[in-house]
Amino acid sequence: MKKPLSDRQIMEQLVAKTGLPPFLLGLNWSTTERMSTQQADLLTSELWALRRTVEPVLRRICKLYLALEGLDDRVEIRWDDISLQDMTEQAKADLYRAQAEKYRAEAKEEATCR
């Protein structure tokens, strides 16, 4: 006799077949850090896709403007790198640095009060 699949097993199969991160289905099977990494990766992919969509339109607008102004209409669009993970790590480092400065100031104040 075959045992029926549990809800979790069905959801695991759905996640495995679609390749979607579990958080997109409202599931929380990984650590918060792993989930935030997946979210950042997904957002980065979405931003790259948006850039690919917008770039031809921007190029046309710029070329038209330059042509109307009688200027050379060669256009190059340069995008900054998308590095959400680097930004997250930088924000953590800034937080830790600020916390350390606060603790040092508190310790110095305590030392002078004694």
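Residue positions are given per chain, counted from 1 along the sequence in the order it is written. Totals for whole chains, interfaces and linings use every residue, but because this is a predicted model, local features are given only for residues with pLDDT of at least 70 and side-chain atom pairs only at 80 or more, for both listing and counting. As a rule here, side-chain values cover all heavy atoms of the structure and leave hydrogens and water aside.

(A) Expanded view of the overall build of the chain. When its secondary structure is counted, the chain shows three helices and zero strands. Counting from the N terminus, the helices are DSSP H or I runs at least four residues long and the strands are E runs at least two residues long. Starting at the N terminus, the α and β elements of the chain follow one another as α-α-α. The contact definition used throughout considers only heavy atoms, calling two residues in contact when any of these lie within 4.5 Å. Long-range contacts, defined here as pairs at least 24 residues apart, represent 29% of the contacts in the chain between residues at least 6 apart.

(B) Layout of the pattern of salt bridges. By definition, a salt bridge exists where a carboxyl oxygen of Asp or Glu is found within 4 Å of a side-chain nitrogen of Lys or Arg. Applying the stated criterion to the full structure yields four salt bridges. Linking Glu 55 and Arg 59 is a salt bridge whose minimum nitrogen-to-oxygen distance equals 3.2 Å. Pair noted here: Glu 55 and Arg 59 are both in helix H2 (residues 32–68), with a separation of four residues, about one helical turn. We note a salt bridge from Asp 94 to Arg 97, for which the minimum N-O separation is 2.9 Å. Here Asp 94 pairs with Arg 97, and both are found in helix H3 (residues 84–113), just three residues apart, close to one helical turn.

(C) The arrangement of the side chain of Glu 55 in detail. The classification of residues rests on relative accessible area computed with a 1.4 Å probe and restricted to protein chains. Under 20% of the type maximum is buried, over 50% is exposed, and intermediate values are partly exposed. Note on Glu 55: relative accessible area 18%, which makes it buried. Distance and chemistry together define a polar contact, namely a pair of N or O atoms within 3.5 Å, with one atom able to donate a hydrogen and the other to accept it when in protein, and with adjacent residues in sequence counting only for side-chain atoms on both sides. Among the polar contacts listed, one links the side chain of Glu 55 to the side chain of Trp 79, at a separation of 2.8 Å. Apart from residues no more than four positions distant in its own chain, Glu 55 is found in contact with Ile 77 and Trp 79.

(D) The packing of aromatic side chains, seen in detail. Aromatic rings from Phe, Tyr and Trp, with only the six-membered ring used for Trp, were paired whenever their centres fell within 6.5 Å, and each pair was classed as stacked if the ring planes differed by under 30 degrees, edge-to-face if by over 60, and tilted otherwise. Here the structure, examined in full by the defined rule, presents zero aromatic pairs. Look at NZ for Lys and CZ for Arg. If either is within 6 Å of the ring centre and within 35 degrees of the ring normal, a charge sits over the ring. The positively charged end of Arg 51 is found above the aromatic ring belonging to Trp 48, 4.9 Å away from the centroid.

(E) Representation of the side chain of Arg 51 in the model. Summarising the element assignment, Arg 51 is placed in helix H2. Residue contacts for Arg 51: discarding those within four places in its chain leaves Trp 79, Asp 80 and Ile 82.

(F) Representation of the confidence of the model for the chain in the model. pLDDT gives the predictor's per-residue confidence on a scale running from 0 to 100. In this model, the chain carries an average pLDDT of 79, and 76% of its residues clear a pLDDT of 70 or more. Put simply, helix H1 (residues 7–18) is where the chain has its lowest mean pLDDT, 73, and H2 is where it has its highest, 83.

(G) Geometry of the environment of Ile 77. Considering the arrangement of structural elements, one finds Ile 77 in the loop between H2 and H3. A relative accessible area of 19% means that Ile 77 is categorised as buried. A sequence separation of 21 residues divides Ile 77 from Pro 56, and the C-alpha atoms of the two residues are 9.6 Å apart. The contact partners of Ile 77, leaving out residues within four places of it in the chain, are Glu 55, Leu 58 and Arg 59.

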